[in-house]
Structures are given as C-alpha cells and as structure tokens.
Amino acid sequence: MIRFATIGTNWITEAFLDAARLVDSFELAAVYSRTEETAKQFADKVGAPRTFTDLQKLAESDGIDAVYIASPNALHAEQAILLMNHGKHVLCEKPLASNAREVKAMIEAAERNGVVLMEAMKATLLPTFQSIREHIHKLGRIRRYVANYCQYSSRYDAYKQGTVLNAFNPALSNGALMDLGVYCLYPMVVLFGQPRSVKAQSVKLESGVDGEGSIVLDYGDMDAVVFYSKITNSHLPSEIQGEDGNMIIDAIHTPAKAEIRYRDGRVEDITAPQDKPPMYYEAQEFIRLIENGEHESAINSHRHSLWTMEIMDEARKQTGIVFPADDR
C-alpha cells in the first residue's frame, strides 16, 4: 500500500480522494492543515486516521510515503521541496509552481532524492486523450491547435463587490492563465512539444491578476491558439486541424468525447470508454510510478511541466502579470 497524506482541505482534495480510493494500492494515512480545527474537521469528513499541522513533522513522518498537494499555487514549490528532501513522493496540483525557476528547483529536488514528482494534470492521462494521441496521425499534416477553457468564476461576483478571494489574488500566484490557461497549454506541449515563440495578451484586473487572455504560439509549419477566462463563459469545443481532417474535442480540460471529421465527409468517433472519475487516472499513474521504481511519468513528465511553465512565464512577462513569488 502507498500511504498518502494530503495538503489542502478544499473540494479538489475531496475529489482526488474519491477517485484515488478506487486505486487498489492507495491508502489515506493523514491530512495536513495549518490549524488543528480545520485538520480535524477535514480528517473526520474524509476518514483520515491522523492529522498534521506542522509540515516539518509531516515531512519527517515514517508513516507517510507520498503527499498530494492542493494548497495555493504560491506554496507548491516550498512544500514539495521540503517533502521530497525527506524522501516523500509528491503529486502536486497544477500549475506545478509559480514560475519556471521554482519548477526547476522542484525537479532538482526530485532527482536528488530519488522520488517521484508529478504534476496532477488530469486531462493528459484520461482515456480519450490517449485516444487523441493514438489517432492524431489520421489528420495528416497538422496546421493548427485551438484550445478553449473559459469558465466564469463563482468568486468573480465577490470580486466585483470589492472582496478579493484567493482566485484573484496575485500573492497566491493565481489568475486565469494559472488556473485555466494551463489546461490549454499542457496538452498542447504533450502533443507538439516546445513552441518557437509565444505572443500573449490578457485583461489585467485591478488586483493584479489576469481575468482572461489568449496566446498564439508558433510551431513553424503550424500554429496554436489558446483562449482562457475566469470572467466569461464559453461553450466552444477545442480542435486540432490537419490537412486531411480536423479533430473536435469537447473539453480540453477534461476530454470525454472526441471525433475526427475528414475532408471527404466521414466522421469517426474516437472517444475512449471511461468508467472511473477523471482524477482516478492521475492517481493510478502516480502510484504505478512509485511501485515500478520509476521517477517520472512519460506523459506528465518533468520536461512537459517545465515547458508549460516557461510558456506561462513568457505570457505573464508580455502581459505584465507579476507575482510576489517571482521576486523570491
């Protein structure tokens, strides 16, 4: 059994636990929160036998093998590096860190300590995304990738009333690019690698984060266009356009349906069966790596995480989005 602790007491941690418990080797051993009251409440809610309020003690515990981190983005690197320095495997929510400098430090810590570090990017491990990778050659020469994730934040109404919640707080390395844009960029990097250049624009809110934005990326003989927003909704699908056909993906952040429309009018449904919650597949991959003695995923790899973060760094540089973490 792989004995897990969790950091973060929000809905995403609950969703992860619901999915991870379906993996045979998963065991919830503890939860961490900064306060005893919150830790106890969450432990009771999710059935954790133990709580921690001191991260150092969690790192030093010999009753924990791996930690799932779902704390605010600005805390990811510091927490992950401490844990890895004490031999803990780390599955860290997206985005992996605040910037590429932090990602490099995390990768170095993982390699130095011989532990697994993986970004919890669920999209790229889902069955339908695997099908996308297997069938993409049928499109012929790829000319364009279009990814779209625009979801009006439930916290934006409070923001407009003058209350800046975590989602719009630059101190926590948040904003539309970090929270939603990453879902458009990571699959692109897995499919096509590093772009030659990045051209970004965004709407900067008064708090200092981006509310929405778009990025055009040059791949030489193809381009990529991504749209993301926390202040508007969109119901447009995402698409990969090739010379022989185009692939339509229902939702790039959680692809559940995909089809190819060929130039001759044929339509091929390439949707793969999925009988587990979306986060099951990231938990399964992470546990498989630990059990097999592997140190990184071939799909959610260190390289893919770093390239994605480098794109986001450049996009923020071009659009004037600066986090306190950038100066640390």
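- In the annotation of an unreviewed UniProt entry, the protein chain is listed under the name Oxidoreductase and assigned to Bacillus caldolyticus.

**Side note on the overall build of the protein chain**
Right, so step 1: If you tally the helices and strands in the protein chain, you get ten helices and 14 strands.
Right, so step 2: Over its C-alpha atoms the protein chain spans a radius of gyration of 20 Å, differing by no more than 12% from the 20 Å that the globule rule assigns to 328 residues.
Right, so step 3: Put simply, the protein chain has 328 residues, and 58% of those count as buried.
Right, so step 4: When contacts within the protein chain are restricted to residue pairs at least 6 apart in sequence, long-range pairs at least 24 apart make up 68% of them.
Right, so step 5: For the protein chain, the accessible area works out to roughly 13,900 Å², and carbon and sulfur atoms hold 47% of it.
Right, so step 6: Across the protein chain, 34 positive and 45 negative side-chain charges occur, with their mean positions spaced 2 Å apart.

**Points about empty space enclosed by the protein**
Right, so step 1: By the definition in use, this model includes one cavity of 30 Å³ or more.
Right, so step 2: Volume-wise, the largest cavity comes out at about 50 Å³.
Right, so step 3: Of all the elements, helix 10 (residues 302–319) adds the most residues to the lining of the largest cavity, at three residues.
Right, so step 4: Here the lining of the largest cavity is built from residues that sort into seven nonpolar, one polar and two charged.

**So, the sheet that holds strand 6 (residues 117–120)**
Right, so step 1: Taken in spatial order, the six strands of this open sheet run 3-2-1-4-5-6, and their pairing is parallel. Two strands bound the open sheet, and with one partner strand each, they are strand 3 (51–52) and strand 6.

**As for the UniProt feature "domain: GFO/IDH/MocA-like oxidoreductase" (unreviewed entry) in the protein chain**
Right, so step 1: Within the UniProt annotation, "domain: GFO/IDH/MocA-like oxidoreductase" (unreviewed entry) is assigned to residues 136–246.
Right, so step 2: Here residues 136–246 runs as 20% helix and 36% strand, with 9 Å between its end C-alpha atoms.

**Quick word on the environment of Ile 248**
Right, so step 1: Checked against the element boundaries, Ile 248 lands in strand 12 (residues 245–249).
Right, so step 2: In the structure, Ile 248 is positioned 60 residues away from Thr 308 in sequence and 22 Å away in space, judged by C-alpha atoms.
Right, so step 3: When residues no more than four places from it in sequence are discounted, the contact partners of Ile 248 are Pro 237, Ser 238, Glu 239, Lys 257, Ala 258, Glu 259 and Arg 261.

**Quick look at unusual backbone geometry**
Right, so step 1: Across the junction of Lys 94 and Pro 95, the peptide omega takes the value -15°, indicating a cis bond.
Right, so step 2: In this structure, Pro 95 sits in the loop between strand 5 (89–93) and helix 5 (100–113).
Right, so step 3: Not every positive phi belongs to a glycine, and Ser 173 is a case in point at roughly 60°.
Right, so step 4: Within the fold, Ser 173 resides in the loop between helix 7 (156–160) and helix 8 (176–192).
Right, so step 5: Under the relative-accessibility criterion, Ser 173 is labelled buried at 0%.

Thresholds applied
- Residues numbered from 1 in each chain as written.
- Predicted model: local features only at pLDDT ≥ 70, side-chain atom pairs only at ≥ 80, totals over all residues.
- Heavy atoms only, no water.
- Helix = DSSP H or I, 4+ residues; strand = E, 2+ residues; numbered from the N terminus.
- Rg over C-alpha atoms; globule rule 2.2 N^0.38 Å.
- Buried < 20%, exposed > 50% of the residue type's maximum accessible area, 1.4 Å probe, protein only.
- Contact = heavy atoms within 4.5 Å.
- Areas by Shrake-Rupley, 256 points an atom, 1.4 Å probe, with all protein chains shown as cover.
- Lys, Arg positive; Asp, Glu negative; His and termini not counted.
- Charge placed at Lys NZ, Arg CZ, Asp CG, Glu CD.
- 1 Å grid on protein atoms, 1.4 Å probe; cavity = no way out; pocket = protein on both sides within 12 Å on 5 of 7 lines; lining within 4 Å.
- Points joined across faces, edges and corners; volume = space filled by probe spheres on them.
- Nonpolar A, V, L, I, M, F, W, Y, C, P; charged D, E, K, R; others polar.
- Pairing = 2+ DSSP bridges.
- UniProt positions renumbered as here; feature names shortened; annotations may be inferred.

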